[in-house]
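Structural overview for review
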Amino acid sequence: MFRLTNYIIGIAVTLISLSLWALINEPEESPAWPQRVMGFSFSPMRADFEPEEKNYPSVEDIEQDIKLLAGKTVAIRTYTVEDTLGEIPAIARKYNLNVCLGAWLDEDKEDNAVEFPKFIRVARHNPNIVRAIIGNETQLHGMLKLDELINYLEEAREKLWIPVSTAEPAHIWLKHPELVKHVDFIAVQILPYWEGKDVKHAVDHVFGVVKKLRETYPGKPVIISEVGWPSNGRTRQEREPPPDRPRQSAVASKANQAMFLRNFLARVPNENVVYYIMEAFDQPWKKEFEGAVGAYWGVYNSNREAKFEFIQPIVPIPNWRVLAGISIVLAIITFALLLIDSSTLRGHGRSFLALISYFAATAVVWIVYEYTSLYLTVGSIIIGILLVFGMVGILAVLLAEAHEWAEAIWYKKRHRLPDLKSAADGYFPKVSIHVPAYNEPPEMLRETLTALAHLDYPDYEVLVIDNNTKDAAVWQPLQAICDELGSRFHFYHVDPLAGFKAGALNYAMEKTASDAELIAVIDSDYVVSPEWLRDLVPQFENERVAIVQAPQDYRDQEQSIFKSMCYSEYRGFFFIGMVTRNERNAIIQHGTMTLIRKSVLQEVNGWAEWCITEDAELGFRIFENGYEAIYTPTSYGKGLMPDTFNDYKLQRYRWAYGAVQILKRHLRSLLGREKSRLTNGQRYHFVAGWLPWFADSVNLFFTLAAITWSAGMMLFPRQVDPPLIIFAILPLSLFCFKMAKIIYLYRTTVNVSLKHTIFAAIAGLALSHTIAVAVAFGFLTSNKPFFRTPKMKNPNRIFRAVIDARWEILFAAVLWGSAYGVWIMQEEGGLDLKFWMGLLLIQSLSYVAAIFMAFISGMQTLHPHQGENELLQAD
């Protein structure tokens, strides 16, 4: 950890990180803000304003705001005279500010009957009111009929001596020339952001609109009643770009807000136009009506603080040096943790981990910065807390995956790979081989037992324990096979026998020869190599070795595409994960092709009948007692894979559910709160190995939340925006990283073809939902029944296979429907919307993979029907 090269790597990546922060935040020159602007749209509501409660600010609060603006603007524009807002002109007069007075009119005729007369009274009694605007975007949003609006306009023009108009976007004015006849000036709202204009072209767009209106209605004055840019919100895309240029995008940010307004104000003197900047202060309450972006149009935030620099060059993140420093500190800590016990890791691997550490730390800092810059409600704070937990979980999985990637590729030497020496020196301890069987096809067992009869080892016995098979026609042929094979073979039929496979193995321990020193376990479908025991038994000459494990391997991968895909997926764990775990004496023991020292097995009280993954649990207890396990990636036996996708899922369900059982039972030991001889490396590998499964379970809840959010976007497209990109960036990054890892490691370490690499990725994805459900139920329950994985079973037909994937079909359909529905219902497809749709589609890939696996599983043709998948219940 304290090597010079580690310091050099850390410094190099730190400099790269600082350079990137600096490059992204390179200052950009823009014209300085003038000493005084012509006008602001003015809404004095505070951050806690609730439209339905109508808790308008006090007169004192309004005066405080106007006092802040005095000297910075010539005029202000209001929108209503309701409640205390009718006092604004009188207060503004004290500070020598002119007022463009607004009347709010909508579908509520009773409210209009109160608002409009008060508006007339206020306008007549305040000489600093220089113009009036009746209604704001009433035609755009259909709040008034055109003739109703015209009647209000004519009445106001009769009763007031100031110019009168209404405020609408340009296309409404161009569409309704009859409206122009009833106003004294054209009040046009020009907000390039809503039209998806790039900020660099937005100012030209504003004055192009003004020019078009002037040309269309010569002699009619044009003022810009709203012009501005938001500092936060979704990215919007131009809906109908001209054919001669690409589509533009409008990005909401503080830097873009500053750039647009400062360039606009610099251009105004040459254009001779009256304008009101949208707006003076942020209005968080508008999120309910305009989406998240509605809160962020102010030049000042809701605390009345300037949001950007008025004179100095514009920097996207002004305090980027502080953020860069925090991210570097976090990265150094993360990098240091990853380097613990990294003596075998070469420089390339350490550099890789350094880069990942800096990426992870920068992502954390950026996400927290972006989220805390929002106006947070109780709901958004809760979402933020959940986001933090999810972010920590995703990054933990990402770092664990990166660590395994580095150790699988950039290692100096494998120190714990066994030397497969021959037992020619005379070390031939007696081995008792246990073969548990339940309702297994006799012809399959004949292959298994015949191979055991030909082992090249002098002293061993074979115990076949048939538990709970009811059909004598199934178990009696097994007894006959054992009788044929000679005195080494012993057959036991026990019915009833509790405890599933663990119960059968514990029963076998009782029947084991007293002089046997080692116990070997294989599944009933495994055909072993003659040299299995001769090669591996010598490892037990080291008295601390309690387990010697060979990989699970299979011999039926050529029978179908389905089995070929399963085979590819299995290989990743046994030829990548188990090899790296072996270096820290932290392998997962599996209940076949395993050798165990009998005295240790007795010391830890045998197999756990409460756990449905009794093999992995036994290995964990043996590690707790301080013993060693040895793993060899050399295959010494091959079995049969599950015949159907449903059986494939049930097998993985059992493994994942059992992992949670182990975690719950041994949590105190894992956390170091209970006396145990586990090493830190063992604790790390068990937790890191289970993390991806736990992440699948969390991802299931994320998927449900994403579907719910998408439904809100479809039902309320103006109120519910796509989630911020930060919600999608980490899950997408983790998915891409895992796919890259699979492709790279399978191609370089497992040495399989690209086709089989793709097979492995699809098969692994197809199990995500099953694992997620298993983990969730593992935490919620404790006594899930044992699922047996049957062999040589007639595969389900296509219809049955589809039924087996019914939940995956449902989730895939809902996710695809959500992505399509969001695209249709949302008005513009900005970058954030595309990210969200991409996330929905990527979330669906695991379900699509499951459907595909179910389909090809149903198409295959294998052995005749030999039995049914059974759910065994404990006695």
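Data block above holds the structure.
Residues numbered from 1 in each chain as written. Predicted model: local features only at pLDDT ≥ 70, side-chain atom pairs only at ≥ 80, totals over all residues. Heavy atoms only, no water.

1. Focus on the packing of aromatic side chains
What counts, and what does not: Centres within 6.5 Å are what make two rings of Phe, Tyr or Trp a pair, Trp counting through its six-membered ring; a difference in plane orientation under 30 degrees is then read as stacked, over 60 as edge-to-face, and the rest as tilted. Only lysine NZ and arginine CZ atoms are considered, and such an atom sits over a ring when it is within 6 Å of the ring centre and within 35 degrees of the ring normal.
Summed over all chains, the structure comprises 42 aromatic pairs. Among the aromatic residues, ring-to-ring pairing joins Y193, W194, F207, W229, F260, F264, Y275 and W297 into one connected group. Sitting above the plane of the F185 ring, R131 keeps its charged end 5.9 Å from the centroid. Here the basic side chain of R665 rests over the ring of W610, its NZ or CZ set 3.9 Å away from the ring centre.

2. Details of unusual backbone geometry
As a reminder of what qualifies: Comment: elements are numbered from the N terminus, with helices defined as DSSP H or I runs of at least four residues and strands as E runs of at least two.
Residues M278 and E279 are joined by a peptide bond in cis, for which omega reads 0°. Relative to the elements of secondary structure, E279 occurs in the loop between β10 (274-277) and α10 (287-290). That bond from D495 to P496 is cis: its omega, 5°, falls within 30 degrees of zero. Structurally, P496 is set in the loop between β13 (489-494) and α16 (500-511).

3. Overview of the environment of I409
Operational definition: Exposure classes here rest on a 1.4 Å probe applied to the protein chains alone. A residue is buried below 20% of its type maximum, exposed above 50%, and partly exposed in between. Only heavy atoms enter the contact rule, under which two residues are in contact if any of them lie within 4.5 Å.
By the secondary structure assignment, I409 is in helix α13 (residues 378-409). I409 sits in the buried class, given a relative accessible area of 16%. With 63 residues separating them in the primary sequence, I409 and R346 have C-alpha atoms 9.2 Å apart. In this structure, I409 is in contact with R346, Y744, L745, T748 and T749, ignoring residues within four places of it in sequence.

4. So, the environment of I62
Note that I62 resides in helix α2 (residues 59-69). On the basis of relative accessible area, I62 is assigned to the buried category, the value being 0%. Residues in contact with I62, not counting those within four places in the same chain, are F42, P44, P57, T84, L85, I88 and I91.

5. Points about the pattern of salt bridges
Here is the rule: Take a side-chain nitrogen of Lys or Arg and a carboxyl oxygen of Asp or Glu: if they are within 4 Å of each other, that pair is a salt bridge.
Enumeration according to the criterion identifies 30 salt bridges in this entry. In this structure, E271 and R267 form a salt bridge, with 3.2 Å as the shortest nitrogen-oxygen distance. E404 is paired through a salt bridge with K741; the nearest N and O atoms lie 2.4 Å apart. Highlighted residues: E404 in helix α13 and K741 in helix α24 (residues 725-750), separated in sequence by 337 residues. Under the relative-accessibility criterion, E404 is labelled partly exposed at 23%. Several salt bridges converge on common partners, so that one network encompasses R46, D65 and R304.

6. Topic: the nonpolar core
The condition that has to hold: As used here, the term nonpolar core means buried Ala, Val, Leu, Ile, Met, Phe, Trp, Tyr and Cys residues forming a set that is joined through side-chain atoms within 4.5 Å.
In this structure, I433, L452 and W532 are the most contacted members of the largest nonpolar core, which totals 153 residues. For this core, the element with the highest residue contribution is α13, accounting for 12 residues. Ignoring sequence-local partners within four residues, the contact set of L452 consists of I433, V435, Y460, V462, F489, I522, V528 and W532.

7. Points about the environment of A167
With respect to the helices and strands, the residue A167 is situated in strand β5 (residues 164-169). Remark: the alpha-carbon pair of A167 and E137, spanning 30 residues in sequence, is separated by 5.7 Å. Beyond its immediate sequence surroundings of up to four residues, A167 is in contact with R77, I133, G135, N136, E137, A187, Q189 and S225.

8. Topic: helix α21 (residues 645-665)
Turn by turn, an α-helix covers 3.6 residues, leaving residues three or four places apart pointing in a common direction. For clarity, the threshold we go by: One less than the number of residues in a helix, times 1.5 Å, gives the span that helix is expected to have.
End to end, α21 covers 30 Å across 21 residues, agreeing with the expected 30 Å (1.5 Å per residue, within 8%). With 19 of 21 residues buried, α21 is to be regarded as a mostly interior element.

9. Here we look at the pairing of strand β4 (residues 129-136)
Applied cut-off: Two strands qualify as a pair provided that DSSP identifies no fewer than 2 bridges between them. Handedness is read with the strands pointing away from the viewer; a crossover is right-handed when the path from the first strand over the helix to the second is clockwise.
Burial analysis of β4 places seven of its eight residues in the buried class, which makes it a mostly covered element. Pairing of strand β3 (residues 98-103) with β4, which is carried by five bridges, proceeds in the parallel orientation. Looking at the pairing, A103 lines up with I134 of β4. Traced from β3 through helix α4 (residues 109-125) to β4, the parallel crossover comes out right-handed. Here three bridges tie β4 to β5, and the two strands are oriented parallel to one another. Within β5, the residue paired with I133 across the bridge is S165. One crossover worth recording links β4 to the parallel β5 by way of helix α5 (residues 146-159), and it is right-handed.

Worth remembering: the numbers are spatial, not functional.
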